[in-house]
Amino acid sequence: MTDARKSQAKKLSESELIERAKQGDAEAFEALYHLHKRRVYSLCLRMTANTAAAEDLTQEAFLQLFRKIATFRGESAFSTWLHRMAVNVVLMQLRKKGLPVVPLEDTIDTEEEAPKKELGALDPSLAGSIDRLQLLRAVEDLPPGYRSIFVLHDVEGYEHNEIAEIVGCSVGNSKSQLHKARLKLRELLKTSRAEKARKP
Amino acid sequence: MTCEEFERVLPEIEGAHSAEQESHLHSCSVCSELVDDLNAIALQARLLRDSENEEPAPGIWNSIEIALRQEGLIRDLTSAPYLVPARPRPRRLAWLIPAGALLLLTFGLVQHERPRSELTPQVPIASTNPEPTDAANSDDQQLLEVVSARSPAMRASYAASLRDVNSYIRDAEQSVKTDPNDVQAQQYLMSAYEQKSMLYQIALDRPLQQQ
């Protein structure tokens with residue numbers, strides 16, 4: 001797409017782009033892609049912690065969206081529709097790989113994965129000292145099941161009843177696993193900070 | 001309320017704490033610090049969404065576009081009617097169109113009702129073998145003679161189009177021959193035949209020689 005056409009496409013509203021895309025307009029498709037690619041890619045990246053997988057899933061999410069765009073009636077925001085589709089694409093991929101999307105209650109946690117509730121008494125509080133990069137790295141280290149729930153709730157803002165519907169678990173399970181994910185992150189962040197402090 | 005009781009209900013707490021829970025937090029530094037840490041994590045996580053600046057590789061859109069074009073979801077309305085027919089078998093000119101139609105039906109293609117813009121090959125393929133088969137060559141020659149008779153100025157253009165589309169067909173046929181299960185190669189081949197058929201139809205539907 002040339003710069004002039006990109007500029008023209010930007011001036012069109014999203015609903016106009018959607019209507020044009022329904023007619024098969026290539027530039028409309030491309031404009032919609034560029035409008036939403038970061039959000040979709042970030043979601044895929046955080047849920048998979050793998051760049052190559054995130055790119056494949058981003059591509060698949062947009063393809064599924066564009067194949068179904070003729071059915072979009074505008075009852076919900078386009079971004080919401082796209083986002084939900086991306087979440088489903090990622091979760092389907094996790095299931096295909098046999099990775100747990102949501103750990104079952106009181107099962108699966110290995111000794112290594114289970115968050116430790118008792119941390120060193122002298123560990124300082126995390127409040128006010130977590131930076132974005134540290135958290136991103138810690139999220140990457142989360143077991144896949146915990147990571148999915150944490151990303152969906154705390155990062156992407158889905159409610160527990162929505163998560164329960166998307167991943168096929170109970171609301172109680174979603175809450176429980178989110179709590180465990182946060183505990184695990186707390187442990188990872190404190191461990192990382194302690195290791196940094198020990199280095200000369 | 002004990003620490004155990006508090007930790008048991010903690011996953012269910014969203015928002016404000018009850019009076020009993022608040023009372024426990026005031027009196028227990030361990031639980032208080034735990035809650036502060038978990039809240040800090042949740043807050044920082046929300047900021048992650050607002051600072052999304054990761055971008056996928058530039059090639060992702062190219063892959064999406066190719067797939068959309070192959071599936072016919074992108075209709076390029078500005079492309080020239082570059083058309084490929086099914087390979088016409090009969091020698092007599094009068095059989096060219098129905099022969100092409102028969103071949104297209106055999107491959108389950110929709111013929112001339114499809115908009116021309118959908119038939120544009122999106123992946124030009126270079127061929128190392130420029131020579132068409134004898135049958136196809138003869139039919140193409142007959143077509144060019146018809147075009148010459150009707151509109152001499154267009155002969156060169158149709159000749160070039162036929163050369164390119166025949167090359168496309170040969171490459172697509174080779175791909176299918178190499179891997180008969182390659183769905184994409186089959187689609188290319190079908191598209192190639194369809195385009196040649198449309199090229200023939202356009203050539204033969206042209207009005208009489210223009211002055």
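The structure under discussion appears in the preceding block.
Residues numbered from 1 in each chain as written. Chains lettered and ligands numbered in written order. Predicted model: local features only at pLDDT ≥ 70, side-chain atom pairs only at ≥ 80, totals over all residues.

A short note on the overall build of chain B
Summing up its helical and strand segments, chain B has eight helices and zero strands in all. For chain B, the sequential pattern of α-helices and β-strands runs α-α-α-α-α-α-α-α. Looking at chain B as a whole, 25% of its 211 residues qualify as buried. Taking contacts inside chain B between residues at least 6 apart in sequence as the whole, the part at least 24 apart equals 71%. (Helix = DSSP H or I, 4+ residues; strand = E, 2+ residues; numbered from the N terminus. Buried ≥ 20, exposed ≤ 12 C-beta atoms within 10 Å, placed from the backbone. Contact = placed C-beta atoms within 7 Å.)

Points about the nonpolar core
In terms of nonpolar packing, the biggest core is built from 55 residues, with F29, V40, C44, A86, V90 and F150 of chain A touching the most fellow members. Top element by residues in this core is helix α3 (residues 26–48) of chain A. It accounts for eleven residues. Not counting the four nearest positions on each side in its chain, F29 of chain A is found in contact with A21 and F66 of chain A together with L68 and I74 of chain B. Core analysis: the second largest hydrophobic core is formed by 16 residues, L143, Y168, A192 and Y193 of chain B among them. (Core = buried A, V, L, I, M, F, W, Y, C linked by C-beta atoms within 7 Å.)

Examining the environment of S129 of chain A
Residues and elements named next belong to chain A. Within the element layout of this structure, S129 appears in the loop between α5 (78–96) and α6 (132–141). By the C-beta count within 10 Å, which is 13 here, S129 ends up partly exposed. Residues S129 and R193, spaced 64 residues apart in sequence, show a C-alpha to C-alpha distance of 9.8 Å.

Here we look at the interface of chain B and chain A
Taken together, the contact pairs 35 residues of chain B with 36 residues of chain A. Counting only elements with at least two residues in the side of chain B that touches chain A, the list comes to α3 (29–50) and α4 (59–70) of chain B. Broken down by element, the side of chain B that touches chain A gets its largest block of residues, 13 residues, from α3 of chain B. Residues of the side of chain B that touches chain A, tallied by class, amount to 18 nonpolar, four polar and 13 charged. (Nonpolar A, V, L, I, M, F, W, Y, C, P; charged D, E, K, R; others polar.)

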